[in-house]
Amino acid sequence: MLTSSHHAAHHADVVIVGAGVSGLAAAQHLIAAGVTVTVLEAAEGPGGRMATERIDGFRLDRIGQLLNTSYPELERTPGLEDLTLRTFAPGVLVHSEGKQHRAGALTPARALASGSFDQARLSAVLGRLAALPVERVLARPERTALAALRSRGLGATLRPLLATLLCDPELTTSSRVADLALRTFVRGRLAVPEGGAATVPDLLAAALPPGTVRTGVRVRSVATNLVTTEEHGDFSCRSVLLATGARAAAHLLPGLRVPRFHEITVLHHATAAPLPWDRSLLLDGDPGWPLAHTAVMSAVDPTRAPAGRGLVTTTVFGPPPPPRTVASRLARLYETSTREWEPLAVHHTPEAVPAMPPPYDPRRTVRVLAGLYVCGDHRDTNTVQGALHSARRAATAVLRDFGIPLPVTTAPALPVAA
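Here is what the cut-offs are and how they apply
Residues numbered from 1 in each chain as written. Predicted model: local features only at pLDDT ≥ 70, side-chain atom pairs only at ≥ 80, totals over all residues. Heavy atoms only, no water. Axes fitted to C-alpha atoms, helices over the stretch in contact; angles between N-to-C directions. Helix = DSSP H or I, 4+ residues; strand = E, 2+ residues; numbered from the N terminus. Parallel < 35°, antiparallel > 145°, perpendicular 65-115°, else oblique. Left-handed = near helix turned anticlockwise from the far one by under 90°. Contact = heavy atoms within 4.5 Å. Nonpolar A, V, L, I, M, F, W, Y, C, P; charged D, E, K, R; others polar. pLDDT = per-residue confidence, 0-100. Buried < 20%, exposed > 50% of the residue type's maximum accessible area, 1.4 Å probe, protein only. Pairing = 2+ DSSP bridges. Right-handed = clockwise from strand over helix to strand, strands pointing away. Salt bridge = Lys/Arg side-chain N within 4 Å of Asp/Glu carboxyl O.

A. Representation of the packing of helix H1 (residues 21-32) against helix H9 (residues 199-206) in the model. Where H1 contacts H9, the axes come no closer than 9 Å and their chain directions differ by 30 degrees. Classified by the interaxial angle, the pair formed by H1 and H9 is roughly parallel. As H1 packs across H9, the resulting crossing turns out to be left-handed. In this structure, H1 contributes Val21, Leu24, Ala25 and Gln28 to the contact, and H9 contributes Val200, Pro201, Leu204 and Ala205. When its residues are assigned to classes, the contact of H1 with H9 shows 7 nonpolar, 1 polar and no charged.

B. Quick peek at the confidence of the model for the protein chain. For the protein chain, the average pLDDT comes to 92, and 93% of its residues sit at 70 or higher. A low-confidence stretch, residues 1-7 (pLDDT under 50), is modelled with 10 contacts involving residues beyond four sequence positions or located in other chains. In this model, residues 108-115 is a region of pLDDT below 50 whose contacts with residues beyond four sequence positions or in other chains number 9 contacts.

C. Fine view of the environment of Leu67. Counting through the fold element by element, Leu67 comes out in strand S5 (residues 67-68). Residue class for Leu67 comes out buried when judged on its relative accessible area of 1%. Put simply, Leu67 and Val192 are 125 residues apart on the chain and 5.6 Å apart in space, counted from C-alpha to C-alpha. Leaving out residues up to four positions away in the same chain, Leu67 has contacts with Leu74, Leu85, Arg189, Leu190, Ala191, Pro193 and Val384.

D. Focus on helix H7 (residues 155-166). Buried residues dominate H7, accounting for 10 of its 12 residues. Cys167, located one to two residues past H7, shows a positive phi value of around 55 degrees.

E. Highlighting the pairing of strand S1 (residues 10-17). In terms of burial, S1 is largely enclosed, as 6 of its 8 residues are buried. Bridge analysis of S1 against strand S13 (residues 234-242) gives 7 bridges, and the strand direction is parallel. Paired with His11 across the strands is Ser236, a residue of S13. Two elements, S1 and strand S2 (residues 37-41), share 4 bridges in a ladder whose sense is parallel. What sits directly across from Val15, in S2, is Thr38. Since S1 and S2 lie parallel, the crossover through H1 that links them has a hand, and here it is right-handed.

F. Geometry of the pattern of salt bridges. In this structure the tally under the stated criterion is 19 salt bridges. Where Arg152 meets Asp179, a salt bridge forms, and the shortest distance between an N and an O atom there is 2.9 Å. Pair noted here: Arg152 is in the loop between helix H6 (145-151) and H7 and Asp179 is in helix H8 (residues 175-187), with a separation of 27 residues, a long-range link. By relative accessible area, which is 3% here, Asp179 ends up buried. Note that Arg329 is salt-bridged to Asp286, the shortest N-O span being 3.0 Å. In this pair, Arg329 sits in helix H12 (residues 323-334) while Asp286 sits in the loop between strand S15 (282-284) and strand S16 (291-296), placing the two residues 43 residues apart along the sequence. Taking relative accessible area as the criterion, Asp286 reaches 15% and is therefore assigned buried.

Now the structure itself:
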C-alpha cells in the first residue's frame, strides 16, 4: 500500500492530473472499464487549451484548432456522442497573388478537365496518401515537411495548407506527421465543434460521474501511489496519469522532454450584418503577410454569433500583429471594407501547439513505469485527435498493468452538420 508517511484523505484507483481533453478522455475510458478515477485541475474549470470565451452573445475560441470529420477518436471516446461537427466547404480557398483558388477538393479527372496540371498532380498525390494505411505512412523516410514538399514539386501548392494543418509556417515538422495530416485532410472534412471548442471538454466532463473532476486544485508532487496538492491534502491511488501540458508534466516529472512550441494568435471580429461569404476556410498564401487563415465562423457554425450578426475568426502564427495591418489584409482577402468591423478579442497563446520536428515518434510512450503514465498531444500528434488517441493509449496501459481486460468500444458515427 502507501509507502509515504502522509495520511491520504482521498483515494481513487487512478488520479489524473489535468482536465484538458486528454485527461478527461482518459477518465472516460478508465471509468468505462470499472476503475475509480479522480481528475485534479489547477484552473477553475475543465478544458485546458480548448477554451471558448463568451462576449455579447458571440462564442470565441482561444486557439481555434481545426478538427476533421475523419478523426477516429471522436467516435471512440465515450462522452462525445452528442458532439456535432460543423464542416467547412470542401478543400480550402487559397489567396495568392491577388487570386483565389480552391485546393484539395478536386478529383484527378476534374482537375485535368479544369486544365490545371498542378491540380491534377496534387490530387494524384493526395489520393495515393489517402489510400495508405497509417503504418505505411509512419514507415516512410523522414525529413522536414518542407523538404518532402519540395522533393514532390508541390511546395507552392501545398505550403499554405500544410502550414494551417500543422500550425507551423516554416514547415519544420516531421514529414511523416505532415503526411498523416494530409491523409486525414483528404479522407474527411475540416470542421469545428458546434458551439465552440469548449464543447468537447464540456461534454467529456459532463458525462463523468459527479465529483470526478476537482477544479482549483494545484498539484505539488506525484509518485506512483500518491499525489500531493498545495491546499487540498494528499490523494492516494494505485496509479497516476499526468495529462497536463508538456511543460507542467516535466515540472512534476523531471526528465520528461519539453518540446518547442508553435505560437498562435486568434483574432475575432464582429460584423453588423452577416457577410455574403460561404463556409470556406480562406488561407493567405502570400508570403510576408502575418495572417495564416480566416473564416466567416458564423457561416460555418451559426451558434457562434447572435442572430443577424457575423463573426470573422482569423489565425496568425506568431504574436499579435498591428490591428491596422490585420484590418487592411482582411479587407483584401474578403474584398470588402473592414472599417466597420468591431474587434471582439485577441487571444495570444505562446505555447499553443507542441512542435514535432524530425526525428519524431507520433506514438511516444505513455508508460513511464508501472503506476506512472503521461498523455497529451505532446505524446502523439499535436491535434485533438492526437490528444484523444494518447489518452486511450494511456488508459489501455493502466488497465493492462492492473490486469483488467480492455473494454471494446463501438461508437455510432458523429452527427456532422453541413
